[in-house]
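Remarks on the overall topology
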Amino acid sequence: QKEVEQNSGPLSVPEGAIASLNCTYSDRGSQSFFWYRQYSGKSPELIMFIYSNGDKEDGRFTAQLNKASQYVSLLIRDSQPSDSATYLCAVNPSTDSWGKLQFGAGTQVVVTP
Amino acid sequence: DAGVTQSPTHLIKTRGQQVTLRCSPKSGHDTVSWYQQALGQGPQFIFQYYEEEERQRGNFPDRFSGHQFPNYSSELNVNALLLGDSALYLCASRRYATLARETQYFGPGTRLLVL
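Report follows, based on the coordinates. No experiment lies behind these values; they were computed from the predicted model shown.

Comments concerning the sheet that holds strand β1 (residues 5-7) of chain B
Residues and elements named next belong to chain B.
- If you walk across this open sheet you meet the 4 strands as β1-β3-β8-β7, and the pairing is antiparallel. Unpaired on one side and paired on the other, β1 and β7 (64-68) mark the two borders of the sheet. For this sheet the average axis-to-axis angle between neighbouring strands, irrespective of direction, equals 20°.
- With 3 bridges joining them, β1 and strand β3 (residues 19-24) adopt antiparallel strand pairing.

Here's the deal with the nonpolar core
- Of all hydrophobic cores here, the largest spans 23 residues; its most connected members are A:Leu21, A:Phe33, A:Trp35, A:Val72, A:Leu74, A:Ile76 and A:Tyr87.
- Where this core is concerned, the elements lending two or more residues are β3 (19-25), β4 (32-38), β5 (45-50), β7 (61-66), β8 (71-76), β9 (85-92) and β11 (107-112) of chain A.
- Residues in contact with A:Ile76, not counting those within four places in the same chain, are A:Ala17, A:Ile18, A:Ala19, A:Leu21, A:Arg60, A:Phe61, A:Asp83 and A:Tyr87.
- Grouped together as the second largest cluster of nonpolar side chains are 20 residues, B:Trp34, B:Tyr49, B:Ala87 and B:Cys91 included.

With respect to the state of the cysteines
- Scanning all chains against the criterion turns up 2 disulfides over all chains.
- One disulfide in the model links A:Cys23 with A:Cys89; its S-S distance is 2.1 Å. Sign of the S-S torsion, about -70° for the bond between A:Cys23 and A:Cys89, identifies this disulfide as left-handed. Of the two residues, A:Cys23 sits in strand β3 while A:Cys89 sits in strand β9, which places them 66 residues apart along the sequence. One exposure class covers both A:Cys23 and A:Cys89, and it is buried.
- With its sulfur 1.8 Å from that of its partner, B:Cys23 forms a disulfide with B:Cys91. Between B:Cys23 and B:Cys91, the disulfide has an S-S torsion of -60° and is therefore left-handed. Of this pair, B:Cys23 sits in strand β3 while B:Cys91 is found in strand β9 (residues 87-94), placing the two residues 68 residues apart along the sequence.
- Owing to a relative accessible area of 2%, B:Cys23 belongs among the buried residues under this scheme.

A word on the interface of chain A and chain B
- Across the contact, 21 residues belong to chain A and 24 residues belong to chain B.
- Between chain A and chain B, a total of about 1800 Å² is buried, with carbon and sulfur atoms accounting for 55% of that surface.
- Linking chain A to chain B there are 0 salt bridges.
- Our enumeration of links across chain A and chain B arrives at 3 residue pairs in polar contact (both at pLDDT 80 or more).

Some words on the sheet that holds strand β6 (residues 54-58) of chain A
All names here are of chain A.
- With respect to topology, 5 strands assemble into an open sheet ordered β1-β3-β8-β7-β6, the strand pairing being antiparallel. Across the chains shown, the open sheet's two edge strands, defined by having one partner strand only, are β1 (4-6) and β6. For this sheet, the mean angle separating the axes of adjacent strands, direction not counted, is 20°.
- The pairing of β1 with β3 spans 3 bridges and is antiparallel. Residue pairing in the sheet places Val 4 in a bridge with Tyr 25 of β3.

Conventions adopted
Residues numbered from 1 in each chain as written. Chains lettered and ligands numbered in written order. Predicted model: local features only at pLDDT ≥ 70, side-chain atom pairs only at ≥ 80, totals over all residues. Heavy atoms only, no water. Pairing = 2+ DSSP bridges. Helix = DSSP H or I, 4+ residues; strand = E, 2+ residues; numbered from the N terminus. Axes fitted to C-alpha atoms, helices over the stretch in contact; angles between N-to-C directions. Core = buried A, V, L, I, M, F, W, Y, C linked by side-chain atoms within 4.5 Å. Buried < 20%, exposed > 50% of the residue type's maximum accessible area, 1.4 Å probe, protein only. Contact = heavy atoms within 4.5 Å. Disulfide = S-S within 2.5 Å. Buried area = accessible area lost by both parts, 1.4 Å probe. Salt bridge = Lys/Arg side-chain N within 4 Å of Asp/Glu carboxyl O. Polar contact = N/O pair within 3.5 Å; in protein donor to acceptor, adjacent residues only side chain to side chain.

None of this, on its own, says anything about what the molecule does.
Listed below in structure tokens is the structure:
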């Protein structure tokens, strides 16, 4: 079992619709969860982080965390063509105190006009 | 405020050669991590440096080594290059005094191609 799992996609989303991305993790003690956006050929760019169960909203993005189910998700509302990218879920494992991140393989999102 | 910088941006090497990649952390940051991202995969943690010492290491062979300098900049060295070392190498920095869960900032990466 991989430590962080994501659907690889591609996830095709009509412009203006909601994109829903899912991520599961194996380390039950993990405390910090991050979503990064990565355009082709570029480095990851932080979109959001979440530490507590529930929802966290930032503009068009909402992160949802359910530690009991070991599940974190990202919603992108009013999707735009510029949102077309690979979205990486990252987890800071419970055994780490130095900020090490474990990444999923990413979900490719394609927003169609 | 300068972000994380890396050099070179691209590099082509042949099998068996050695390579050195460089990273300057974001201003005010003192902890540097290195990640390897193969095509179609998420970044994989290589190692992390703080106070010029390797603090933790991922599942990478000893061919991968690093160094941190007093000005917090860092180098990643890879010896005896293999075709499978072809990847995007990412440097990330953070400030040690912040909580471990605080976000890290990634540099633009170095694209290494081994032929």
